[in-house]
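Residues per chain, in single letters:
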Amino acid sequence: MRSNVDDARDRVLAARSIAVLTGAGVSAESGIPTFRSNGGYWRKFRFEDLATPQAFARDPKFVWAWYEERRRAIAASQPNAGHEALVAMENRTPSFTLITQNVDGLHERAGSRNLIKLHGDIWIVRCMTCGREHEERAALTEFPPKCGCGGILRPGVVWFGESLPAGAMERATDTVRAAEVLIVAGTSAQIYPAAGLIPLALAGGGVVIEINPDRTAFSSEVHFALHGPSAEVLPWLL
Ligand code: OAD
């Protein structure tokens, strides 16, 4: 009997258009904690204290200390076999778009090119006063860091209660509608609007392949629920 993975691989290899939605689980095997699984940030901290505009307004030093700790951990990590498999998939698929909720930049470091970053980028800083933003990879020397204009810099990520970057969700929606296959890897699929891309693909008749060691709210609806770590399962699809 052919396995689920073999059937999923056939769909991937035959597809002319593929969309992929990734979440924190894809970076887990690079040593970056997730948010909601064991050892995840939201098991130890309250997101209300670290990932909202109100938290930053209350205590920018505390919020920045957490982001800087994450930035150093990410800087010391490497993309894993899952990130690399997605680059190989992009190279062989005529139309390929990677939609990520991750802010760590590991997809870019692996070599992914056509990328939609729904939740921003931890390496970008943005001035709360003049609005200018730039990439900043060096270790921070002051908390919170300051802009040349004197304003406070914030991380260039999306916090709870904030809008997604302009146009990102529209592009993601168009991509998922047009894709023959949607691969959903390493996300608990609890945060909207990103998670809404899964029912969108299902409603449009796309084949949906989920990769996650655990079940999610969509596991029983997707065409293939492949239970395992993404650094192992994503390479199997090629
Ligand atoms: P979560 O922490 O909610 O979910 C991570 C998922 O990855 C879980 O379903 C795990 O089972 C799965 N997982 C763990 N290890 C894995 C592995 N090795 N391979 C594959 N999957 C694995 O992270 P996200 O779904 O990304 O937003 O969370 C979405 C958003 O919520 C984040 O972008 C962040 C967070 O709060 C903001 O901060 C705005």
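See the structure above.
Residues numbered from 1 in each chain as written. Predicted model: local features only at pLDDT ≥ 70, side-chain atom pairs only at ≥ 80, totals over all residues. Heavy atoms only, no water.

Asks: It is not clear to me how the sheet that holds strand β6 (residues 153-157) should be interpreted in this structure. Could you clarify?
Replies: To summarise the sheet geometry, strands pair through backbone hydrogen bonds and adopt either a parallel or an antiparallel arrangement. Within the open sheet, the three strands sit side by side as β5-β4-β6. Their pairing is antiparallel. Strands at the two margins of the open sheet, each flanked by one partner only, are β5 (133-135) and β6. Direction aside, neighbouring strands of the sheet carry axes that sit 40 degrees apart on average. Two strands pair when backbone bridges link them, and strand β4 (residues 120-127) and β5 are joined in this way by three bridges, in the antiparallel orientation. Bridge assignment links V125 to a residue of β5, and that residue is H134. Relative to the sheet, helix α5 (residues 60-75) contacts β4 and β6, its axis offset from that of β4 by approximately 135 degrees. (Pairing = 2+ DSSP bridges. Helix = DSSP H or I, 4+ residues; strand = E, 2+ residues; numbered from the N terminus. Axes fitted to C-alpha atoms, helices over the stretch in contact; angles between N-to-C directions. Contact = heavy atoms within 4.5 Å.)

Asks: Even after reading the chapter, I still don't get α5, so can you show me in this structure?
Replies: Each α-helix winds once per 3.6 residues, and so residues spaced three or four apart point in a common direction. With 16 residues, α5 ought to run about 22 Å at 1.5 Å a step, and its terminal C-alpha atoms sit 22 Å apart, in line with that. Against the buried residues of α5 lie α2 (41-44), α3 (47-50), α4 (53-58), α7 (106-110), β4 and β6. (Expected span 1.5 Å × (residues − 1).)

Asks: I would appreciate a short explanation of the side chain of H107 in the present structure.
Replies: Tracing the backbone shows H107 in helix α7. With a relative accessible area of 1%, H107 lands in the buried category. In this structure H107 touches T22, V26, H83, L86, L98, T100, N102, S112 and L115, once residues within four positions along its chain are discounted. (Buried < 20%, exposed > 50% of the residue type's maximum accessible area, 1.4 Å probe, protein only.)

Asks: What is the right way to read the state of the cysteines from this model?
Replies: When the sulfur atoms of two cysteines share a covalent bond, that bond is a disulfide. In this structure the tally under the stated criterion is zero disulfides. C127 provides the cysteine sulfur closest to C130, a residue in no disulfide bond, and the two sulfurs are 3.7 Å apart. You can call C130 partly exposed: its relative accessible area is 36%. In this model C147 remains outside any disulfide bridge; the closest cysteine sulfur is found in C127, 3.7 Å from its own. (Disulfide = S-S within 2.5 Å.)

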